[in-house]
Amino acid sequence: MTKRLGVGFVGSGFITRFHLQSWKTVRDADVLGVWSPNSENAASAAALARELDIGEAKPYASIADMVADPAIDAIWLCGPNHRRVENVEEIVHAIEAGKGALRGLACEKPLARNVAEAKHVTELVKRVGLVNGYLEDQLFVPPIERGRELTWARGAATTGRPYLARAAEEHSGPHNPWFWQGELQGGGVLNDMMCHSAVLVRYLLTRPGEPLSTVRPVRITSHIASLKWSRPEYAERLKAAMGPEVDYTRKPSEDFASMTIEFETDDGHTVLGEASTSWSYVGAGLRLSAELLGPEYSMSWRSLDSGLSVFFSREVRGEAGEDLVEKQNAEVGLMPVVASEASVYGYESENRHFVRAFLGLEKPRLTFDDGVEVMQMLMTAYQSAEERRTIDYPPPGVDDFIPAVARGTWKP
Ligand SMILES: NC(=O)c1ccc[n+]([C@@H]2O[C@H](COP(=O)([O-])OP(=O)(O)OC[C@H]3O[C@@H](n4cnc5c(N)ncnc54)[C@H](O)[C@@H]3O)[C@@H](O)[C@H]2O)c1
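Just so it is clear, the structure is predicted and the values come from calculations on it, not from any experiment.

Caption draft 1: Inspection of the sheet that holds strand β4 (residues 74-77) at higher detail. Ordered by their spatial adjacency, six strands build an open sheet running β3-β2-β1-β4-β5-β6, and the pairing between neighbours is parallel. Where the open sheet ends on each side, the last strands, each with one partner, are β3 (58-59) and β6 (132-135). Where β4 lies against strand β5 (residues 104-108), four bridges are found, and the strand directions are parallel. Within β5, the position partnered with Trp76 by the bridge is Ala106.

Caption draft 2: Region of interest: the pairing of β5. For β5, the tally of buried residues reaches five of five residues, placing the bulk of the element in the interior. Taking every second residue as pointing to the same face, both faces of β5 are buried, with Gly104, Ala106 and Glu108 on one and Leu105 and Cys107 on the other. The β-α-β motif built from β4, the intervening helix α4 (residues 84-96) and the parallel element β5 has right-handed crossover chirality. As defined by bridge partners, β5 adjoins β6 across four bridges and the pair is classed as parallel. Among the inter-strand pairings, Leu105 is bridged to a residue of β6, identified as Asn132. After leaving β5, the chain enters helix α5 (residues 115-127) and then returns to the sheet as β6, a path that is right-handed.

Caption draft 3: Layout of the site of the ligand. The ligand sits among 21 residues. The nearest are Gly11, Gly13, Phe14, Ile15 and Gly79. Taken together, the residues that form the shell around the ligand break down as six nonpolar, eleven polar and four charged.

Caption draft 4: Seen up close, the packing of α4 against α5. At a closest axis distance of 10 Å, the pairing of α4 and α5 adopts a crossing angle of 10 degrees. In terms of their interaxial angle, α4 and α5 are classed as roughly parallel. Contacts from Arg84, Val85, Val88, Glu89 and Val92 in α4 reach Glu117, His120, Val121, Leu124, Val125 and Arg127 in α5. Counted by class, the contact of α4 with α5 contains six nonpolar, one polar and four charged residues.

Caption draft 5: Here's a closer look at the sheet that holds strand β8 (residues 215-225). With mixed pairing, the seven strands of this open sheet are ordered in space as β12-β11-β7-β10-β9-β8-β15. Each edge of the open sheet is held by one strand with a lone partner, namely β12 (297-302) and β15 (391-392). Judged from the ten bridges that link them, β8 and strand β9 (residues 256-265) form a sheet pairing that is antiparallel. Bridge assignment links Arg219 to a residue of β9, and that residue is Glu262. Where helix α9 (residues 189-205) meets the sheet, its contacts fall on β7 (164-170), β8, β9, β10 (270-278) and β11 (287-294), and the angle it forms with β10 comes to roughly 150 degrees.

Caption draft 6: How the structure looks around the nonpolar core. Leu105, Met194, Ala198 and Leu378 are the most contacted members of the largest nonpolar core, which has 109 residues in total. Beyond its immediate stretch of four places on either side in the chain, Leu378 contacts Leu190, Asn191, Met194, Cys195 and Ala198. Counting residues in each nonpolar core, the second largest holds seven residues, with Trp229, Met242, Val246 and Tyr248 among its members.

Caption draft 7: Geometry of the domain arrangement of the protein chain. Segmentation of the protein chain into domains returns domain 1 (5-109) and domain 2 (138-340 + 371-407). Computed over C-alpha atoms, the centres of domain 1 and domain 2 are 27 Å apart. Tallying the contact residues gives six residues for domain 1 and eight residues for domain 2. Across the side of domain 1 that touches domain 2, the residue classes break down as three nonpolar, two polar and one charged.

What counts, and where the lines are drawn
Residues numbered from 1 in each chain as written. Predicted model: local features only at pLDDT ≥ 70, side-chain atom pairs only at ≥ 80, totals over all residues. Pairing = 2+ DSSP bridges. Helix = DSSP H or I, 4+ residues; strand = E, 2+ residues; numbered from the N terminus. Buried ≥ 20, exposed ≤ 12 C-beta atoms within 10 Å, placed from the backbone. Right-handed = clockwise from strand over helix to strand, strands pointing away. Near = placed C-beta within 6 Å. Nonpolar A, V, L, I, M, F, W, Y, C, P; charged D, E, K, R; others polar. Axes fitted to C-alpha atoms, helices over the stretch in contact; angles between N-to-C directions. Parallel < 35°, antiparallel > 145°, perpendicular 65-115°, else oblique. Contact = placed C-beta atoms within 7 Å. Core = buried A, V, L, I, M, F, W, Y, C linked by C-beta atoms within 7 Å. Domains from an automatic or database assignment.

Below is the structure:
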């Protein structure tokens, strides 16, 4: 019999609430705590956990208090990107001071805002020997898992390895001001969402059972643009919705990014990953897609091809909501519904896996080291976009590279 895992959350916002929903399908772990700087928000997320019957969660006064409680065995780090370093420091300092111990630390994507920060938090967790996990849900999306398994087992086994993977994540823009501010978030949509697609294309191209290191990035070409949100009328709307500090006439972030990654494989092939992300896509709502192509086969997945749709005539009036799909843009007409988003986006399988990893039953599929590598790829992509050329990977100086968007100096 293994002990159950007591889990605490740092942050009580959008992604914490998604994880809590997913927890209904997670075994061997209870959500027992939440810390967030706003104690009311922490209390409300803890109340949600109790309502969902996923654990007797309570709010804590500090991260260190949560580490100190012997009931908490692992922490899921879900604060904003610009607080990542201080959050990890508080956890590690509490452990080093002998206040408490943890069996695991899981961190949301991106691991940090740049390579230097990502390496710093990785060194910290290694210093105290903390088992760590990098939360990248898209590697756990059930159709991705099944599609990858089938294409490799049937297509690749008999006709040769896949040579091209594509991934895209698109929506109409994030929900809170800090995402839009390059200095806080670390960049624009490239940093926010290409972290998913960059690792997803690599994962699809990697033979199941083999490590990602068997498919090595060697060259990166990227393009970024501000297609929508720096147009004067949209910059105005953005400022009205997000506050005066989000001023895209002065400090825009990219709302579109594309990236082509050339990989060399251990079996001697050059293969390509093509990724595209945007905050300027207006469709039903969040759209994720992925493809894997080989000599005699292909696989494709789109999250909005959900199998369920509803139709509301123009007579139907109602509040704007996100009840049909994340980042929903309309409430009338023919609308796709993603019925179980926590499952479809991979959070359920992701959390089942990391609970088992922290209980010592499985090896973590993604660690902070993977988060560092993703960050290296993203910073190389920014460099490529800024210099308008293909960059050999990893470029010298990538550890210290800060995108112009994150310095607040980018001129689209
Ligand atoms: N896997 C995914 O698809 C996905 C989706 C959304 C967000 N995320 C990631 O999750 C993280 C949180 O995003 P979100 O959408 O929940 O943001 P959010 O703005 O909705 O919530 C952020 C939370 O962090 C709290 N917070 C504020 N200051 C803090 C501090 N000093 N330390 C710790 N927490 C603090 C806020 O009170 C809030 O509860 C980000 O890193 C984001 O990139 C991942």
